[in-house]
Amino acid sequence: MSETSLRNASIDAALNEVKEAYVTGNPNSLARYVEATGVMPGGNTRTVLHYAPFPLAMTRAAGCRMWDADGHEFVDFLGEYTAGLYGHSHPVIRAALDKALDSGISYGASNMTEVRFARAVCERFGLERVRFTNSGTEANLLAISLARIYTRRPKVMVFNGGYHGAVFGFAGGGSPINAPFDYVLATYNDIEATRTLIAEHAAALALVILEPMIGSGGCVPASHDFLHMLRAETERVGALLVLDEVMTSRLAPGGLQSVIGVKPDLTTFGKYIGGGMSFGAFGGRAEIMDLFDPRRSDALPHAGTFNNNILTMSAGLAGLTDVYTADAARALNARGDALRERLNGLCKAAGAAMQFTGIGSMLAVHFTTAPIRNPADAAKADQKLKELFFFDMLAHGIWLARRGMMTLCLPIGDAECDKLAAAVQEFLEARRSLL
Ligand code: PLP
């Protein structure tokens, strides 16, 4: 046997062992899973939450802690894939929701809170106009459709490994369930190739859409030069630049775009901005957004029963104005930067082929020392070790995404960061021969 196949066999053996312990230790989660398979395909209604042999079911959460159906306690380092920024049942958000419930919900009418929330979102992220949706997927669907109508062009440039929602998945190039737009697929962070592709499709290109840091594809930041090139080239050919800040708007008070100094034509939002309720939004230049102005004879329609629902408007407004202030955003992301540097220091000291990428309060683990410039680089790293890391972290009481992504929520403090660092150090020691 070669050294590589010996190592692979050892990783497989370690994985079998941790999964056996997992199955034995989680009978109630297993029973729930078996029951769920009878009524939902594969027992699942949100693909990202599934993993083999079966996912844990959570039954309770408070602050930055969660408890599963078998009574295990976890520190929530997933933070609901960035949507759970406030932690579980933050008292300010809770009070805003209680107050809203006391006044009745589902008015089927305009309400007072949506204006205040719209103003807060516009001021925070430098938008001239905003419209609300119920999810980030919907926000991107509307923004893309709007850009195509505004420019009277059909093509949509996206990036390999990008993700903009349930019908906008571009891992491995695309997904059969994607919304049927005319896509041009480019390579993230490849300045010259992307510039050439934009020039090639110039006359038909309606928009370029991307995250300023790819989140689900492995927390891969765009280089500032890449984003400035996209701004210049889209302007040159008359296409719109749409920044998907559904995840990354949390990384600085004005979103990641404010750090990079690139002003897009439209920005899309989601996740934590709704205070933990269902949320999406898109906004930007008035000249484009005002195509939805219902006073116009040629106004575009944009329906959505729950677009201005009072629970989201109330929780979102309280969160953005009273909790996640500019100072709180800076502090949370400084904590994240320090944590990532600390974890990378442990990997380096152990001489392990392991690194944590990301910015501020979002990070992801990769089992390679090679630079990660785009999601394809991330996909080349060892995936079995990532699976082993996931199960080892669960055994240490750390809740994270199966794909190795973690995000910080506001209640996470020094003690929780110490607990994660200790778990990573133990992993580095226990799995030394495999890394
Ligand atoms: N855009 C990005 C960058 C995302 O990460 C996500 C969700 O993970 C979405 C859009 C879709 O948001 P939602 O799940 O609310 O539809």
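Residues numbered from 1 in each chain as written. Predicted model: local features only at pLDDT ≥ 70, side-chain atom pairs only at ≥ 80, totals over all residues. Heavy atoms only, no water.

What to know about empty space enclosed by the protein
This structure, assessed with the given rule, holds one cavity of 30 Å³ or more. By volume, the largest cavity is sized at about 30 Å³. Along its surface, the largest cavity is lined by F159, G162, H164, Y188, I209, L210, E211 and I214. When the residues that make up the lining of the largest cavity are grouped by side-chain class, the tally is five nonpolar, two polar and one charged. (1 Å grid on protein atoms, 1.4 Å probe; cavity = no way out; pocket = protein on both sides within 12 Å on 5 of 7 lines; lining within 4 Å. Points joined across faces, edges and corners; volume = space filled by probe spheres on them. Nonpolar A, V, L, I, M, F, W, Y, C, P; charged D, E, K, R; others polar.)

Details of helix 13 (residues 383–395)
In an α-helix, one turn spans 3.6 residues, which is why side chains three or four residues apart end up on the same side. The terminal C-alpha atoms of helix 13 lie 19 Å apart, and with 13 residues this matches the ideal 18 Å at 1.5 Å per residue to within 8%. Across the 13 residues of helix 13, 10 count as buried, placing the element largely inside the fold. Along helix 13, the positions that sit buried rather than exposed are L385, K386, E387, L388, F389, F390, F391, D392, M393 and L394. Of the residues trailing helix 13, G397 is marked for its positive phi of about 80°. (Helix = DSSP H or I, 4+ residues; strand = E, 2+ residues; numbered from the N terminus. Expected span 1.5 Å × (residues − 1). Buried < 20%, exposed > 50% of the residue type's maximum accessible area, 1.4 Å probe, protein only.)

Focus on the site of the ligand
Neighbouring the ligand are the residues S135, G136, T137, N140, Y163, H164, G165, E211, D244, V246, M247 and K271. Contact between the ligand and G136: an oxygen atom at 2.8 Å from a main-chain N or O atom of the residue. Taking T137, its side chain carries an N or O atom lying 2.5 Å from an oxygen atom of the ligand. Against a free-state accessible area of 380 Å², the protein chains account for coverage of 83% of the ligand. (Near = heavy atom within 4 Å. Polar contact = N/O pair within 3.5 Å; in protein donor to acceptor, adjacent residues only side chain to side chain. Areas by Shrake-Rupley, 256 points an atom, 1.4 Å probe, with all protein chains shown as cover.)

Observations concerning the sheet that holds strand 16 (residues 405–407)
Strand order across the open sheet formed by three strands is 13-14-16, with antiparallel pairing between neighbours. Two strands in the sheet have a free side with no partner beyond their single neighbour: strand 13 (355–359) and strand 16. Pairs of neighbouring strands in the sheet enclose a mean axial angle of 25°, with direction left out of account. As defined by bridge partners, strand 14 (residues 362–366) adjoins strand 16 across three bridges and the pair is classed as antiparallel. Its bridge partner lying in strand 16, M362 is registered against T407. (Pairing = 2+ DSSP bridges. Axes fitted to C-alpha atoms, helices over the stretch in contact; angles between N-to-C directions.)

Brief notes about the packing of aromatic side chains
Under the definition given, this model contains 24 aromatic pairs. Between F170 and Y183, the aromatic rings sit 5.0 Å apart at their centres with planes inclined by 70°, giving edge-to-face as the arrangement. With F170 in the loop between strand 5 (155–159) and strand 6 (182–186) and Y183 in strand 6, the pair connects residues that are 13 residues apart, well separated along the chain. For F170, a relative accessible area of 2% translates into the label buried. When its relative accessible area of 22% is taken as the criterion, Y183 is described as partly exposed. The ring of W67 is capped by R60, whose NZ or CZ atom sits 4.1 Å from the centre of that ring. (Phe/Tyr/Trp six-rings, centres within 6.5 Å; stacked < 30°, edge-to-face > 60°. Lys NZ or Arg CZ within 6 Å of the ring centre and 35° of its normal.)

Here we look at the pairing of strand 1 (residues 58–62)
Residues in a regular strand point their side chains to alternate faces of the sheet. As paired strands, strand 1 and strand 2 (residues 65–68) are joined by four bridges and run antiparallel to one another. By the bridge assignment for strand 2, A61 is matched with M66.

Brief notes about the domain arrangement of the chain
By convention, interface size is frequently given as the accessible area that disappears when the constituent parts associate. One can read the domain layout of the chain as domain 1 (3–85 + 329–434) and domain 2 (91–323). On a C-alpha basis, the centres of domain 1 and domain 2 stand 28 Å from each other. Between domain 1 and domain 2, the residue contacts involve 27 residues of the former and 26 residues of the latter. Buried surface at the junction of domain 1 and domain 2, summed over both partners, amounts to about 2000 Å²; 67% is from carbon and sulfur atoms. Here domain 1 is connected to domain 2 by 11 residue pairs in polar contact (both at pLDDT 80 or more). Taken together, the elements giving at least two residues each to the side of domain 1 that touches domain 2 come down to helix 11 (326–350), strand 13, strand 14, helix 12 (375–380) and strand 16. Split by residue class, the side of domain 1 that touches domain 2 holds 15 nonpolar, nine polar and three charged. (Domains from an automatic or database assignment. Contact = heavy atoms within 4.5 Å. Buried area = accessible area lost by both parts, 1.4 Å probe.)

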